[in-house]
Every structure is written in C-alpha cells, then in structure tokens.
Amino acid sequence: MSKKRYAPRIPRTADGFRAQDLRSLPRGAWWAKGWMRAIEEMRIGARAGRGKAYAEQGQVSALSVAGTHVEATVLGARPDPYTVKLDFAPLDLSENGVSVDIREALGEMTTGRILCGEMPTSVDEFFALRGMSLYPVLGKDRLWCSCPDWSKPCKHIAAVLYLLGDAMVRDPSLLLRLRGVWFPGTEEKEDAPLPLWKGTERLKDFISRINRRVMNR
C-alpha cells in the first residue's frame, strides 16, 4: 500500500446558490423526497455527501434550466470552476401514437394545485402506472461534468442535483418541466429564475441574524 500523502482538497468559497431545505425537508414535500432518494440510489458513496455539502455551502455559482437541459457552474478545489451539464430524458406522453393532453388526463383540480405550488400524490401514481419515473436515473439521463473525476456522477453533479431538488420544494412544477411536461401557464417559467437563495449564508440563518439585531436594539 502506498504511503504517499495528499494534501486535503478544500473547495474555495463561491458564495453561490445555497440550498435551504436539505437538512430537513418540509413535511408533505414527497416529490422532493423522491428526488433526494433517487440521488442516494445512484450509490455514489461519499460523493453524495460532498455534493450535498457543496449545495449548502454555495459552491454552485450559476444554474440555469432550459426545458430538460440544465447547465451549472460549480467551484471546487481548483482555481477554475467546473461546468456541469444535465439532460433529462423527456417522457413520451402518447397513447397509440396520439399525444395525451396532460391537463385533461390529470384533471383541472390537480393541474390547478400544481400551478399554485402543490403536487398531489395522484401525479406520481399517474406516471407510475405508465412505467415512467420523474426522478433522475443513471443510464437514462445524461449527467456530465468537466472535472477530471473518473467516476460519474461526481460530487459536482450531485451538488447540482441536490440544488434542483431544493428548488422543487418551492416550485414542484420543476419536477415535471425537467421531463418535458408542460401545462398552460408554466411556459413562462422557462426563463424565470429558480426559487433559490444566493448569498454568504442560508436564508433562514440570514433572517435569524437580522431578527436578533432588531431585538437587541
């Protein structure tokens, strides 16, 4: 066994997007929990934990979503940041060669709840009955990073996946949009910024600090 020692690789501070809910997902956010579970099922070992830490520490300095394509910039231990590109396989919503009207298939009430920031469990059942998964799957989705790590998904990809899951807590329709499922009224979200907090600390910690200052005056 080699006794050569390597200096610890410490990521440089990026002050990028910081995940808010990874430590404790809100009760009822089953879609986000399913997304996180899918990351764990990739069995990437310690890379998952490091990726989650990157998402919480603000190492993802840029993140954009265009349909089923995601691009991000992640700062690691090296001076130059890494580029992450994710392409999620769109779902084939057709029966006997005829496209399915997703709004009609799910119902107006379910669609309305999704547009209002909720995700009924009937949505998961709808796709499960058709043998479709809304969550990331190795071999099905293209997960790429410019880092030299031979194992993919690497921690940089994991960080972006965790950050997307965190954004889904506040915008569940993102889960569907990444699979190419759009509703009337969600098209305008394609170019809209994701519901993420960017700063030197988590949003909840920032609010708590401001409140303490106000109370101590």
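Please read these numbers as outputs of a predicted model, since none were measured by experiment. (Residues numbered from 1 in each chain as written. Predicted model: local features only at pLDDT ≥ 70, side-chain atom pairs only at ≥ 80, totals over all residues. Heavy atoms only, no water.)

## Overview of the overall build of the chain
Here is the rule we go by: Secondary structure elements follow DSSP: runs of H or I of four or more residues count as helices, runs of E of two or more count as strands, with numbering from the N terminus. The contact rule is simple, with two residues in contact once any of their heavy atoms fall within 4.5 Å. For accessible areas, the Shrake-Rupley method is used with a probe of radius 1.4 Å. Any residue's cover is judged against the shown protein chains and nothing else.
If you tally the helices and strands in the chain, you get eight helices and eight strands. For the chain, long-range pairs separated by at least 24 residues make up 73% of all intrachain contacts whose partners lie at least 6 apart in sequence. When the accessible surface of the chain is totalled, it reaches about 12,100 Å², and 51% of it is carbon and sulfur.

## A word on helix 5 (residues 121-128)
For clarity, the cut-off: A simple rule labels every residue: compare its accessible area, found with a 1.4 Å probe on the protein chains alone, to the largest value its type can have, and call it buried under 20%, exposed over 50%, or partly exposed in between. Arc, as used here, means the arc of the directions from the helix axis to the C-beta atoms.
Looking only at helix 5, the buried set comprises Val123, Phe126 and Phe127. Along the long axis of helix 5, the arc covered by the buried residues comes to 90°, so they all point the same way. Looking at the packing, one finds that the buried side of helix 5 touches helix 3 (102-106), helix 4 (108-115) and helix 7 (173-177).

## Thoughts on the pattern of salt bridges
Going by this rule: In what follows, salt bridge is the name for a side-chain nitrogen of Lys or Arg lying within 4 Å of a carboxyl oxygen of Asp or Glu.
In the structure shown here, the tally under the stated rule is ten salt bridges. Between Glu118 and Arg113 there is a salt bridge, with its nearest N and O atoms 3.2 Å apart. Residue classification places Glu118 among the partly exposed positions, given a relative accessible area of 39%. With a shortest N-O distance of 2.7 Å, Asp141 and Arg179 are connected by a salt bridge. With Asp141 in the loop between helix 5 and strand 7 (142-145) and Arg179 in the loop between helix 7 and strand 8 (197-198), this residue pair connects regions lying 38 residues apart in the sequence. When sorted by exposure, Asp141 lands in the same class as Arg179, which is buried. Through salt bridges that share partners, Asp21, Asp166 and Arg170 make up one connected network.

## Considering the packing of helix 1 (residues 30-40) against helix 6 (residues 155-170)
As a reminder, the rule being used: Note on geometry: axes are lines fitted to C-alpha atoms, helical ones only across the stretch in contact, with angles between N-to-C directions running from 0 to 180 degrees. Here the angle decides the label: under 35 degrees means roughly parallel, over 145 means roughly antiparallel, 65 to 115 means roughly perpendicular, and every other value means oblique.
It is at 8 Å that the axes of helix 1 and helix 6 come closest, and there the two elements cross at 170°. Considering their axes alone, helix 1 and helix 6 lie roughly antiparallel with respect to each other. Residue-level contacts link Trp31, Ala32, Trp35, Met36, Ile39 and Glu40 of helix 1 to Leu161, Tyr162, Leu164, Gly165, Asp166, Met168 and Val169 of helix 6.

## Comments concerning unusual backbone geometry
In this chain, Lys152 is followed by Pro153 through a cis amide linkage whose omega measures 10°. For Pro153, the location among the structural elements is in the loop between strand 7 and helix 6. The backbone of Arg43 shows a phi angle near 55°, a positive value even though the residue is not glycine. With respect to the helices and strands, Arg43 occurs in the loop between helix 1 and helix 2 (46-57).

## What about the environment of Met119?
Examined against the element boundaries, Met119 turns out to sit in the loop between helix 4 and helix 5. For Met119, a relative accessible area of 4% puts it in the buried group. When the C-alpha atoms of Met119 and Asp171 are compared, they prove to be 9.3 Å apart, with 52 residues separating the residues in sequence. Residues within four places of Met119 in sequence aside, it is in contact with Trp30, Trp31, Ile114, Pro172, Ser173, Leu175 and Leu176.

## A closer look at the environment of Gly67
If you trace the backbone, Gly67 turns up in the loop between strand 2 (60-66) and strand 3 (69-74). A sequence separation of 107 residues divides Gly67 from Leu174, and the C-alpha atoms of the two residues are 9.4 Å apart.

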